[in-house]
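Now for the letters of each chain:
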Amino acid sequence: MFLGQVIGTLVSPVRIPILERETLLLVHPVTPAGRRSGPTRVAIDRAQAGVGDRVLVLDEGNGARQIFGDPQGAVKTVIVGVVDYVDTHEGRVYDHRERGEATR
Amino acid sequence: MFLGQVIGTLVSPVRIPILERETLLLVHPVTPAGRRSGPTRVAIDRAQAGVGDRVLVLDEGNGARQIFGDPQGAVKTVIVGVVDYVDTHEGRVYDHRERGEATR
Amino acid sequence: MFLGQVIGTLVSPVRIPILERETLLLVHPVTPAGRRSGPTRVAIDRAQAGVGDRVLVLDEGNGARQIFGDPQGAVKTVIVGVVDYVDTHEGRVYDHRERGEATR
Amino acid sequence: MFLGQVIGTLVSPVRIPILERETLLLVHPVTPAGRRSGPTRVAIDRAQAGVGDRVLVLDEGNGARQIFGDPQGAVKTVIVGVVDYVDTHEGRVYDHRERGEATR
Amino acid sequence: MFLGQVIGTLVSPVRIPILERETLLLVHPVTPAGRRSGPTRVAIDRAQAGVGDRVLVLDEGNGARQIFGDPQGAVKTVIVGVVDYVDTHEGRVYDHRERGEATR
């Protein structure tokens, strides 16, 4: 799993039934302080996330298929939660409620 | 899954039956703005993609095998859709229709 | 598996039952000398680890599910042990007991 | 799957029966133009590849095991084809026949 | 699989039975010439490797579990062989016998 930031949405006429019903979001892995720390991924949204949200992302195929209740599903990267807050030894470095609603 | 850009084609006398029937495309992972963000992959085309297209790529073996309907298939990376457009907080950063047809 | 350093905690109203009962920790992969060597991961804590601890992390879905005794669990990254010490050809480069108790 | 370049061979008294019967080659992932684009891998050769060859590499365990016809085999990275040529929007950037036979 | 260099050992009171019986080694992926080429991994030693040895590492969970003869084992990264020598187009770039016995 990784901590991500939703940076965009993607529309594609995907021909796989299980993907056609889903919202596809572009996600950057980020450090606790919000700096990008890996290549962009495309994730299926299962947490009503929006652009700007900090999210928890599961990136393993078998686990992702189980979330969908479909052992045949061709899915791998799934947003499983919007993050409320992140604490480090420097204190609270991210708090969802302080973001306001502008970017959702 | 990742957002990719098709950058080339590859021809190889592969001896695995399931791969012999497929078009192999070279794909770069890209950021929403189109900058390369990871190492080149070789993907099987299941979306009639062409060089220059922005595509959605599934890179997990079990999911890929299910797309092919063959639990024994030795496949991992599959192009599952040509992307129509990508939106970020900066607006629409990619639109397939504005590319014209020159590169397909 | 990789050697990690716990750098923070994360709270998210995750809707997957198996994750709701768990503590989620942010972990950096580190070199033996403690330098960060890869992107941040979110791990489930199975070793009573705290911020600042050096830990052993298992990052493979099937293995992680077996630790949880649940073949249906959507888990991938698990902290399986707090590290006592690390030895290289330069001698002992990390010793948990010398850290004191301040950060646990 | 990725595009690779064979850069060497490796000899090791591996105690796993399925690996003892195989040639182990060192492979660099490369861009279409031949620049290295990722860490070196050790691959089992199933395509009579030699040092200097551009190859197609499958790097997924379940798929690799199916190539070997052995569901118990501990294999992951397999060279499945020597590449004949690579085309990009800049034209043919690699052609196996122009390499001559010097490096095989 | 990858070519690695053993750089240290790690001691951790891991609570997973299969790991408690094993030696855990820290390994750097390296190029044929011995330069580090990826993040440090923690591997289970199945080849009597020591600090300084060049080794062959298998990093895939299902394959690793089969080596251990335990489909339930939570293992992923395993040292399967100590490397005798590595040849590239520049000749023999590594020879285990020339290292002497000092570091084992």
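Some points on the overall build of chain A
So, step 1. Across its full length, chain A holds two helices and seven strands.
So, step 2. Starting at the N terminus and walking to the C terminus, you meet the elements of chain A as β-α-β-β-β-α-β-β-β.
So, step 3. Within chain A, the proportion of its 104 residues that are buried is 63%.
So, step 4. Relative to all contacts within chain A whose residues are 6 or more apart in sequence, the contacts with residues 24 or more apart total 52%.

Points about the side chain of Ser12(D)
So, step 1. The topology assignment puts Ser12(D) in the loop between strand S1 (2-11) and helix H1 (17-20).
So, step 2. Accessibility expressed as a relative area gives 14% for Ser12(D), which makes it buried.
So, step 3. With sequence-adjacent residues up to four places away left out, Ser12(D) is seen in contact with Gly81(E), Val82(E), Val83(E) and Asp84(E).

Details of the pairing of strand S3 (residues 41-45) of chain C
Residue and element names in this part refer to chain C.
So, step 1. A large share of S3 lies buried, amounting to five of its five residues.
So, step 2. Where strand S2 (residues 24-29) and S3 come together, four bridges link them in antiparallel fashion. Across the sheet, residue Val27 finds its bridge partner in S3, namely Arg41.

Things to note about the pattern of salt bridges
So, step 1. The tally for this structure, following the rule as stated, stands at 19 salt bridges over all chains.
So, step 2. In this structure, Arg46(D) and Glu22(D) form a salt bridge, with 2.7 Å as the shortest nitrogen-oxygen distance. With a gap of 24 residues between them, Arg46(D) in the loop between strand S3 (41-45) and strand S4 (54-59) and Glu22(D) in the loop between H1 and strand S2 (24-29) connect regions that are remote in the sequence.
So, step 3. You can call Arg46(D) partly exposed: its relative accessible area is 34%.
So, step 4. A residue is classified by how much of its surface remains accessible, and Glu22(D), at 16% relative accessible area, is buried.
So, step 5. In this structure, Asp95(E) engages Arg97(E) in a salt bridge whose closest nitrogen and oxygen atoms are separated by 3.2 Å.
So, step 6. Relative accessible area serves as the criterion here: at 12%, Asp95(E) is assigned to the buried category.

Re the environment of Arg46(D)
So, step 1. Considering only alpha carbons, one finds Arg46(D) and Val80(D), 34 residues apart in sequence, at a separation of 5.6 Å.
So, step 2. A polar side-chain atom of Arg46(D) sits 2.7 Å from a polar atom in the side chain of Glu22(D).

With respect to the pairing of strand S2 (residues 24-29) of chain E
All names here are of chain E.
So, step 1. Where burial is concerned, most of S2 is hidden: six out of the six residues are buried.
So, step 2. Burial of the side chains of S2 extends over both faces: Leu24, Leu26 and His28 are buried on one face and Leu25, Val27 and Pro29 on the other.
So, step 3. When strand S1 (residues 2-11) meets S2, the two strands line up antiparallel, connected through six bridges. Bridge assignment links Gly4 to a residue of S2, and that residue is Pro29.

Quick look at the environment of Gly8(E)
So, step 1. Within the secondary structure, Gly8(E) sits in strand S1.
So, step 2. In sequence terms Gly8(E) and Leu26(E) are 18 residues apart; their C-alpha atoms lie 4.9 Å from each other.
So, step 3. Other than its neighbours up to four places away in sequence, Gly8(E) contacts Asp87(C), Thr88(C), Leu25(E), Leu26(E) and Val51(E).

Concerning the confidence of the model for chain A
Residue and element names in this part refer to chain A.
So, step 1. Averaged over every residue, the pLDDT of chain A is 81; the share at 70 or more is 75%.
So, step 2. When the criterion is pLDDT under 50, residues 100-104 qualifies, and its contacts beyond four places in sequence or with other chains add up to 10 contacts.
So, step 3. For this predicted complex, the interface score ipTM comes out at 0.76, while the overall pTM is 0.80.

A short note on the side chain of Thr88(D)
So, step 1. Within the element layout of this structure, Thr88(D) appears in strand S6 (residues 85-88).
So, step 2. Residue Thr88(D) is classed as buried on the basis of its relative accessible area, which comes to 14%.
So, step 3. Apart from the residues within four sequence positions on either side, Thr88(D) is in contact with Ile7(B), Gly8(B), Pro32(D) and Val93(D).

Quick word on the packing of aromatic side chains
So, step 1. Taken as a whole and assessed by the stated rule, the structure comprises zero aromatic pairs over all chains.
So, step 2. The ring of Tyr85(C) carries Arg92(C) above its face, with NZ or CZ at 3.6 Å from the centroid.

Some thoughts on the environment of Asp95(E)
Residues and elements named next belong to chain E.
So, step 1. Looking at the secondary structure, you find Asp95 in strand S7 (residues 91-95).
So, step 2. Sequence-distant contacts of Asp95, defined by excluding residues within four places in its chain, comprise Asp84 and Tyr85.
So, step 3. Engagement of the side chain of Asp95 in a polar contact is seen with the backbone nitrogen of Arg97, the distance being 3.1 Å.

Conventions used here
Residues numbered from 1 in each chain as written. Chains lettered and ligands numbered in written order. Predicted model: local features only at pLDDT ≥ 70, side-chain atom pairs only at ≥ 80, totals over all residues. Heavy atoms only, no water. Helix = DSSP H or I, 4+ residues; strand = E, 2+ residues; numbered from the N terminus. Buried < 20%, exposed > 50% of the residue type's maximum accessible area, 1.4 Å probe, protein only. Contact = heavy atoms within 4.5 Å. Pairing = 2+ DSSP bridges. Salt bridge = Lys/Arg side-chain N within 4 Å of Asp/Glu carboxyl O. Polar contact = N/O pair within 3.5 Å; in protein donor to acceptor, adjacent residues only side chain to side chain. pLDDT = per-residue confidence, 0-100. Phe/Tyr/Trp six-rings, centres within 6.5 Å; stacked < 30°, edge-to-face > 60°. Lys NZ or Arg CZ within 6 Å of the ring centre and 35° of its normal.

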